[in-house]
Every structure is written in C-alpha cells, then in structure tokens.
Amino acid sequence: MALIQTSDTLTPHLHPLAATPLQNLATHSLLREADQNSAIELPPLPISRPLLMVGHGTRNPRGRQDLIDFASIYHKLDPSRSVIPCFLELTEPSIQDGVDQCVEQGHTDISVLPILLFAARHNKFDVTNELDRAKARHPQITLHYGRHFGITPAIFELWQTRLAMLDTPAHSPHGIAREDTVLLFIGRGSSDPDANGDVYKLARMMWEGSGYHTVETCFIGIAHPRLEEGFRRSRLYAPKRIIVLPYFMFTGVLMEKIEGIAVQQQALHPEAEVVMLPEMGIHPQLISVLRDREIETQTGQVAMNCEMCKFRIVATREADRSGHGHDHNHDSGHGHDHHGHAHGSNPDPYAEPEKYHNRIWQVP
C-alpha cells in the first residue's frame, strides 16, 4: 500500500514524493486568508516592542523559508512593530544579525522568542548564550527572552483535527478503525531528558481517549528509541494501520529522513498501511500560540518549569557540596557545542543505546 500524507486543507491524497509539497499548499492557503484579513484575530499587544523570532536553523532551503514566511505572515497580521526572523545555526541570518538589525532600526528594548517546541539545550543555553554575546556588543539594549511553544491546548487541538481527518473516507479509503491503528509519535530527540519526557507526555495525551489501539513514542535523532525501533514495536500489535505523527513545526532534513524511513518501512511490511501526517507548518493555531508567547514577554509572565532540568540538578548538587547557594542561571559558562547533533558527516555519539544511557544525564 502506498504511503500517503494528509493536510488540514483536505487536499487530495499525495504521495510523499509528489511535486507539490503539502506544506506549501497550507502556506498558500493561509496567505490568501491573511490577505483577506479574516483568518486570524490577534489580541492587542500591551506595548509596541520589536520581536526577534529565533528558529533552530536548517540546511534545507524550504525549511528555512518556512520560518521566514512564518515571521512575515505574523508581521502582516499586526504591522504595529518590527518582526525579524533569525536562526541559531546552520543558516543565515544569525541571532547576531537579527539583533544588529533591531539596533540599526533604533530599538533598545527587544522581545526575543525561541520558535522551538520544547525547552531543551538549545532553548536553555545556546540561544541565551548568543543573546549574551549580543548584549556584550550592544550594552544599551534590553532583551526580553520568552518561552518555547511547549504543550498547549492550541497545538493539541491542531493534531486532534488532523487525526480526525484520517477517519474520513477521503483519507481512509479502506475504512480502518482506530482500534486497529497504532499511533507512532516521533519527536526530534534531545540530550535533555526533561525535554524527551515532554515528548512522551504529549504522546500519551494524544492517545488518551483517542480510541487508537496504542501509541508508540520514538525519536529521529539523539534520544532512543529511534524511528526504526518505533516501527518494530508498532508492528508487534499486528495493526492494520500505523499513523506516523512527526512532532515538528516546519520541514527540514529530519522531516525528509522520517519520510524516507516511512516509505522504506511500508515497502518492507506491506501488511500494515502506513499513513504519514505532515509537519505542523504555518498554521493559525501556531500563530495563536506565538501571540500568547509575545504577550508574556511584555507582561513579565514568562515561566519555565526547570525542576527536572539536568543542568539545575547538577548545579544544585554542586551547591550542596560547596555550601553555596544556587541562582539557577542557565547561561553560566556553557558554550555552543551542538550537544551531539550529527550535522554533516559528524558521527552520532548517541547512536548506540548503551552510549546514550551512559551520557544522557551528563552536563557538558
């Protein structure tokens, strides 16, 4: 059976290698709605302050453009202040470029939002280290760093809507019931156990009350179990259908990797239909969350739960041994070492589960 994708614009079934990506269709649809000023109503901002949107970064041109388009659409919905996109790594403009652009426009008070789903190493250390660098170069500026997107009702509703579409005849021509379906939830994978735990939490929440036979959770990189193992575990239940849900905001190299493995698994095991959902893309629900996060930076309501952060745990233990207090500053002396990413030809230090378990609670 062919692997298919679906989108929440109810487009026809498309093979993943089709010429027109589903994400582009969703983006074009939202652009048209935004042009009509009828798609999204945003609550007003308390103050007018420029916004720096920080994406992870990718070598995939379409993934890079997704973030830039996201910022452009968001700005178009409310042009009352500047909205500037930038990236942590792998592509330009950099965070330093973004801050410089704000300064060139005469701004000294700037909101900064990480366009990231979970609070992992990038969010806690790498972005903040770059902001510290920018502050050292521009001591006159004040940076208000906001919260990651996290687990929110809006994102939860986004995925529930897409999963419901898979029950319709247009997207389920064989009428496979949910009790004969395994949901395979795929996270990016992080060297931060706290963030990996959030992936499992959200996967469980998606399964609760869904009627699916079960949910299996896996990762495409760093953390374990990996995607191939997720498929193996899913097939243990002898399902008629496996729904692949990649928990990604935009496309990129890893989304392409997930797609390739899904196609391969379908060919190797044709007895179960494999259905792959697209990444979230530029979606009204994400814009709604983005607005909430921007308002938080302006009202001083930014809060992160760091109780199980491995960096905090290690720092607390060191403080207990030395008798010194702990002020929980995530930016203390940690450089941007990519924490195990396998960019380019670099080996994956987490490839073997034993190596992963041996080092996952270590702090660089």
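Described below are features of the structure shown in this document. Quantities reported herein were computed from a predicted structural model and do not represent experimental measurements.

1. Topic: the environment of Pro239
Relative to the elements of secondary structure, Pro239 occurs in the loop between α7 (227-235) and β8 (241-246). Taking the C-alpha atoms as reference points, Pro239 and Leu183, 56 residues apart in sequence, are found 10.0 Å from one another. For Pro239, the contacting residues outside a window of four places in its chain are Asp180, Val182, Ser234, Glu271 and Ala272.

2. A closer look at unusual backbone geometry
Omega for the bond connecting Glu92 with Pro93 falls within 30 degrees of zero, at 0 degrees, which places this linkage in the cis form. For the bond running from His224 to Pro225, omega is 5 degrees, close enough to zero to count as cis. Here Pro225 is to be found in the loop between β7 (214-219) and α7. Of note, the phi angle at Leu90 is positive, near 75 degrees, even though the residue is not glycine. Mapped onto the fold, Leu90 is located in the loop between β3 (83-87) and α3 (95-104). We note that Ala238 has phi near 50 degrees; this positive angle belongs to a residue other than glycine. Along the chain, the position of Ala238 falls in the loop between α7 and β8. When its relative accessible area of 64% is taken as the criterion, Ala238 is described as exposed.

3. Brief notes about helix α8 (residues 253-268)
Between its first and last C-alpha atoms α8 spans 23 Å; for 16 residues at 1.5 Å apiece the expected length is 22 Å, and the two agree. Met255, Ile258, Glu259, Ile261, Ala262, Gln265 and Gln266 are the residues of α8 that are buried. All buried residues of α8 project into a common sector of 165 degrees when viewed along the axis, lining one side. Relative to its buried face, α8 has exposed residues pointing more than 90 degrees away, namely Ala267 and Leu268.

4. Describing the nonpolar core
Grouped burial of nonpolar side chains is what soluble globular proteins tend to show. Judged by nonpolar contacts, the single largest core of 46 residues is most densely connected at Phe70, Ile115 and Phe149. Counting residues per element, this core draws most heavily on helix α5 (residues 153-165), which supplies six residues. When neighbours within four sequence positions are excluded, Phe149 is seen to be in contact with Phe70, Pro114, Ile115, Leu116, Leu117, Ile155, Met249, Leu286, Val289, Leu290 and Arg293. Membership of the second largest hydrophobic core comes to 15 residues, among which are Ile220, Ile242, Met255 and Ile258.

5. Some points on the side chain of Gln266
On the secondary structure map, Gln266 appears in helix α8. Here Gln266 falls in the buried class, since its relative accessible area comes to 4%. Reaching out from Gln266, the side chain makes a polar contact with the backbone nitrogen of Val274 at a distance of 2.8 Å.

6. Topic: helix α9 (residues 284-299)
Helix length check: α9 (16 residues) gives 23 Å between terminal C-alpha atoms against 22 Å at 1.5 Å per residue, within 8%. Within α9, 12 of the 16 residues are buried, leaving the element largely enclosed by the surrounding structure. Among the residues of α9, Gln285, Leu286, Ile287, Val289, Leu290, Arg291, Arg293, Glu294, Ile295, Glu296, Thr297 and Gln298 are the ones counted as buried. Where α9 terminates, the next one or two residues include Gly300, which has phi positive at roughly 70 degrees.

Rules behind the numbers
- Residues numbered from 1 in each chain as written.
- Predicted model: local features only at pLDDT ≥ 70, side-chain atom pairs only at ≥ 80, totals over all residues.
- Heavy atoms only, no water.
- Helix = DSSP H or I, 4+ residues; strand = E, 2+ residues; numbered from the N terminus.
- Contact = heavy atoms within 4.5 Å.
- Buried < 20%, exposed > 50% of the residue type's maximum accessible area, 1.4 Å probe, protein only.
- Expected span 1.5 Å × (residues − 1).
- Arc of directions from axis to C-beta.
- Core = buried A, V, L, I, M, F, W, Y, C linked by side-chain atoms within 4.5 Å.
- Polar contact = N/O pair within 3.5 Å; in protein donor to acceptor, adjacent residues only side chain to side chain.

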